[in-house]
Amino acid sequence: MFLVVVLIGGSNFVAVRFSNQELAPFWGAGIRFAAAALLLFALTAVKGLALPRGTALLATLLYGTLNFGASYAFIYWGLVEAPAALAAVLVALTPLLTLLLARAYGLEALSWRRAIAALIAAAGVAVVFADQIITAVSLVSVLVLLAGTLCIAESTVLAKRLPRLHPLAINAVAMVPGALLLIMLSAAAGEVRSLPIREATWIALAYLVTAGSVGLFV
């Protein structure tokens with residue numbers, strides 16, 4: 001299961017680059033998660049699953065705003081310029097940031113073994129990052145991708161506090177505020193909002209909705 005997540009998560013960056021070639025970043029991300037939410041609600045209804053309510057609903061909405069809205073706004077924005085490989089390397093810092101945030105919130109202990117492993121991982125990322133700087137990627141794009149990575153780490157810690165409901169139901173509800181935030185950002189940025197024309201864009205979008213969103217997060 002972990003290997004499947006790595007495979008889908010890694011290929012998502014390539015698909016987003018295809019999407020960004022035709023669709024504006026916030027708009028492309030927004031319609032991706034709006035379509036994925038509809039698909040998840042349909043699957044939830046077919047299986048007769050319960051949706052989160054009360055405080056569980058509020059926690060799910062907060063998680064969705066951060067994980068599907070804020071993080072992907074930054075990632076799609078950064079991938080307008082940055083290559084997919086650089087984005088994947090920077091997002092690979094998520095475990096390190098998650099470890100530090102979990103310790104800050106008192107959820108998990110930070111042992112010497114974990115700290116050393118995290119430093120080794122950070123050093124490896126720094127080596128690749130230094131090499132990628134030569135490709136003339138702007139510092140803004142790098143910082144935007146790091147902001148997206150921080151949002152993913154924060155939402156990962158928050159996910160530990162989500163109700164024990166079926167992932168179909170959790171993600172169906174969570175993707176709604178994320179999609180709404182992305183579409184509002186698209187409107188605020190004055191992006192062109194239209195459906196894709198190119199076949200490659202449709203293929204990339206279909207992959208991002210199905211495997212890249214429903215498959216990855218469920």
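Described in the following lines is the structure provided in the data block.

Check the secondary structure of the chain and you find nine helices and zero strands. A globule of 218 residues ought to have a C-alpha radius of gyration of about 17 Å, and the chain, at 17 Å, matches this closely. Along the longest, intermediate and shortest principal axes, the C-alpha atoms of the chain span 45 × 40 × 30 Å. Looking at the chain as a whole, 43% of its 218 residues are labelled buried. Looking at the chain alone, contacts between residues at least 24 apart form 91% of all its contacts between residues at least 6 apart. Roughly 11300 Å² of accessible area belongs to the chain as shown, and the carbon and sulfur atoms make up 74% of that amount. In the chain, 12 side chains carry a positive charge and 7 a negative one; their mean positions are 15 Å apart.

Okay, a nonpolar patch on the surface next. On the surface, Met-1, Val-4 and Val-5 cluster together into a nonpolar patch covering about 320 Å² of accessible area. Of note, Val-5 is situated in helix 1 (residues 2–22).

Going through the model one piece at a time under the given rule, you end up with six aromatic pairs. With a centroid separation of 4.9 Å and an interplanar angle of 65°, the aromatic rings of Phe-33 and Tyr-72 are classed as edge-to-face. Placement of the pair is Phe-33 in helix 2 (residues 25–47) and Tyr-72 in helix 3 (residues 54–78), with a sequence separation of 39 residues. The structure contains a cluster of three or more aromatic residues connected by ring pairs, namely Phe-33, Tyr-63, Phe-68, Tyr-72, Tyr-76 and Phe-217.

To continue, consider the nonpolar core. By size, the foremost hydrophobic cluster in this structure holds 44 residues, and its most contacted members are Phe-13, Phe-33 and Met-175. Mapped by element, the contributors of at least two residues to this core are helix 1, helix 2, helix 3, helix 4 (84–91), helix 7 (139–159), helix 8 (167–188) and helix 9 (199–217). Here the element with the most residues in this core is helix 2; it accounts for eight residues. Ignoring anything within four residues of it in the chain, the contact list for Phe-33 reads Phe-68, Tyr-72, Met-175, Ala-179, Leu-182, Ser-213 and Phe-217.

Glancing now at the environment of Ala-121. Within the secondary structure, Ala-121 is located in helix 6 (residues 112–133). Counting along the chain gives 120 residues from Ala-121 to Met-1, while the straight-line C-alpha distance between them is 22 Å.

Examined against the element boundaries, Ala-59 turns out to sit in helix 3. Sequence separation between Ala-59 and Leu-143 is 84 residues; the distance between their C-alpha atoms is 27 Å. Look past the residues within four positions of Ala-59 in its chain and what remains in contact with it is Leu-158 and Leu-162.

The terminal C-alpha atoms of helix 2, which comprises 23 residues, lie 33 Å apart, in line with the 33 Å expected from a rise of 1.5 Å per residue. Looking at the residues trailing helix 2, positive phi occurs at Gly-48, about 65°.

Let us now look at the environment of Ala-85. Following the sequence through the fold, Ala-85 ends up in helix 4. On the accessibility criterion, Ala-85 (47% relative accessible area) is partly exposed. The spacing of Ala-85 and Gly-10 is 75 residues in sequence and 8.7 Å in space, taken between C-alpha atoms.

What counts as what
- Residues numbered from 1 in each chain as written.
- Predicted model: local features only at pLDDT ≥ 70, side-chain atom pairs only at ≥ 80, totals over all residues.
- Heavy atoms only, no water.
- Helix = DSSP H or I, 4+ residues; strand = E, 2+ residues; numbered from the N terminus.
- Rg over C-alpha atoms; globule rule 2.2 N^0.38 Å.
- Buried < 20%, exposed > 50% of the residue type's maximum accessible area, 1.4 Å probe, protein only.
- Contact = heavy atoms within 4.5 Å.
- Areas by Shrake-Rupley, 256 points an atom, 1.4 Å probe, with all protein chains shown as cover.
- Lys, Arg positive; Asp, Glu negative; His and termini not counted.
- Charge placed at Lys NZ, Arg CZ, Asp CG, Glu CD.
- Patch = residues over 30% accessible without salt bridge, like charges linked within 9 Å, V, L, I, M, F, W, Y side chains within 5 Å.
- Salt bridge = Lys/Arg side-chain N within 4 Å of Asp/Glu carboxyl O.
- Phe/Tyr/Trp six-rings, centres within 6.5 Å; stacked < 30°, edge-to-face > 60°.
- Core = buried A, V, L, I, M, F, W, Y, C linked by side-chain atoms within 4.5 Å.
- Expected span 1.5 Å × (residues − 1).

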